[in-house]
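Per-entry structural report
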Amino acid sequence: MIAEPPEPPEPPEPRPVPGPGPASTPRDRRADARRNYEHILATARVVLAEQGVQASLRDVARRAEVGLGTLYRHFPTREALLEALLRQGFDRLVELSDTLAATRPPAAALTEWLRELAAGAGTYQGLPASLAAIMDDPDSALAVSCAALRSAGTRLLERAQADGEIRPDVTGTDVFVLTTAVAALTERGPLAQRRDHLLGVMLDGLRPAPRELFGPCS
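Quick summary incoming for the structure in this document.

Rules behind the numbers
- Residues numbered from 1 in each chain as written.
- Predicted model: local features only at pLDDT ≥ 70, side-chain atom pairs only at ≥ 80, totals over all residues.
- Heavy atoms only, no water.
- Helix = DSSP H or I, 4+ residues; strand = E, 2+ residues; numbered from the N terminus.
- Buried < 20%, exposed > 50% of the residue type's maximum accessible area, 1.4 Å probe, protein only.
- Contact = heavy atoms within 4.5 Å.
- Areas by Shrake-Rupley, 256 points an atom, 1.4 Å probe, with all protein chains shown as cover.
- Polar contact = N/O pair within 3.5 Å; in protein donor to acceptor, adjacent residues only side chain to side chain.
- Axes fitted to C-alpha atoms, helices over the stretch in contact; angles between N-to-C directions.
- Parallel < 35°, antiparallel > 145°, perpendicular 65-115°, else oblique.
- Left-handed = near helix turned anticlockwise from the far one by under 90°.
- Salt bridge = Lys/Arg side-chain N within 4 Å of Asp/Glu carboxyl O.
- Core = buried A, V, L, I, M, F, W, Y, C linked by side-chain atoms within 4.5 Å.
- Phe/Tyr/Trp six-rings, centres within 6.5 Å; stacked < 30°, edge-to-face > 60°.
- Lys NZ or Arg CZ within 6 Å of the ring centre and 35° of its normal.

Our focus in this paragraph is the overall build of the protein chain. Scanning the protein chain for helices and strands turns up nine helices and zero strands. Mapped from its N terminus to its C terminus, the protein chain presents α and β elements in the order α-α-α-α-α-α-α-α-α. Scored against the burial criterion, the 218 residues of the protein chain give a buried share of 37%. Looking at the protein chain alone, contacts between residues at least 24 apart form 70% of all its contacts between residues at least 6 apart. Carbon and sulfur atoms make up 56% of the accessible area of the protein chain, which totals about 12,800 Å².

As a further point, take the side chain of T186. Topologically, T186 is positioned in the loop between α8 (172-185) and α9 (195-206). There is a polar contact of 2.8 Å between the side chain of T186 and the backbone oxygen of V182. Residues within four places of T186 in sequence aside, it is in contact with L191, A192, R194, R195 and L198.

Our focus in this paragraph is the side chain of S130. Within the secondary structure, S130 is located in helix α6 (residues 127-134). At 3.1 Å, the side chain of S130 forms a polar contact with the backbone oxygen of G126.

A few words on the packing of helix α7 (residues 143-162) against α8. As a packed pair, α7 and α8 sit with axes 8 Å apart at the nearest point and diverge in direction by 115 degrees. Judged by the angle between their axes, α7 and α8 are roughly perpendicular. α7 and α8 meet at a crossing whose hand is right-handed. Each of L149, R150, T154 and L157 in α7 lies in contact with α8, whose residues at this interface are G172, T173, V175 and F176.

What follows covers the pattern of salt bridges. Applying the stated rule across the entire model yields eleven salt bridges. The partner of R92 in a salt bridge is E116, and the shortest N-O contact between them spans 3.4 Å. Here R92, found in helix α4 (residues 78-103), pairs with E116, found in helix α5 (residues 106-121); they are 24 residues apart in sequence, far enough to count as distant. Looking at R92, the relative accessible area reads 42%, which means it is partly exposed. Take E116: its relative accessible area is 30%, and that puts it in the partly exposed class. For R167, the salt bridge goes to D169, with nearest N and O atoms at 2.7 Å.

On to the nonpolar core, then. Membership of the largest hydrophobic core comes to 53 residues, with the highest contact counts inside it found for W113, L114 and Y124. A total of nine residues in this core trace back to one element, the largest contributor, which is α4. Setting aside its immediate chain neighbours within four residues, Y124 contacts R45, L48, A49, V53, L82, L85, L86 and E187.

Further remarks concern the packing of aromatic side chains. Here the structure, examined in full by the defined rule, presents one aromatic pair. Lying across the ring of F176, R150 places its NZ or CZ 5.8 Å from the centre.

Although it is not a glycine, E65 sits at a positive phi angle of roughly 60 degrees. Note on placement: E65 falls in the loop between α2 (57-64) and α3 (68-74).

Residue position: V170 is located in the loop between α7 and α8. Each C-alpha atom of the pair V170 and L206 lies 7.3 Å from the other, and the pair is 36 residues apart in sequence. Excluding its chain neighbours within four sequence positions, the residues that come into contact with V170 are L157, Q161, V175 and L206.

Here A61 lies in helix α2. Look at A61 and you get buried, because its relative accessible area is 3%. When the C-alpha atoms of A61 and Y72 are compared, they prove to be 9.3 Å apart, with eleven residues separating the residues in sequence. When residues no more than four places from it in sequence are discounted, the contact partners of A61 are V66, G67, L68 and L71.

Below you can see the structure in the form of structure tokens.
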């Protein structure tokens, strides 16, 4: 589970003062809750882009102009907030794996998908390490999405292995961990422009060893 930095206590949200005017209906309250949800999510996207996955949730609430309690009602944990932010991108990667499997040769499909995975994992600073850590935490809000990603990658890997392009002892988990490691190394700084190159080096290491052209010298 992603470590939660301690947040200072939040003062209680002000209670609404009764006054004249029409009472809100359940539909109005649901619409207000949905607007709050979308507004918090949009604000969190900006804050995490600036500060990474360990951004202060208090800062998210402050910039969204809602109480911390309101934020936690919508997103009980940091991982629940991350899951909401990443869900669309994760779903797109799963769909992409099916498209590539149907349209590209096995090795090319795996290579292209891993490049997209590394790019997605670099969306927020610290995300690659978080994705790797969640693999051992089935209770995480991100566990289901990460499992779907690994399954999608494993299917592409197995096609490449059946085609003789990848070593048979490599697992989907191996490839997922190696790809997130490359994403972590290339998040910032001078290596950021070397991500695709490093992925290529990684993939070269996963290929079967070339057969010897000549037998051993006598």
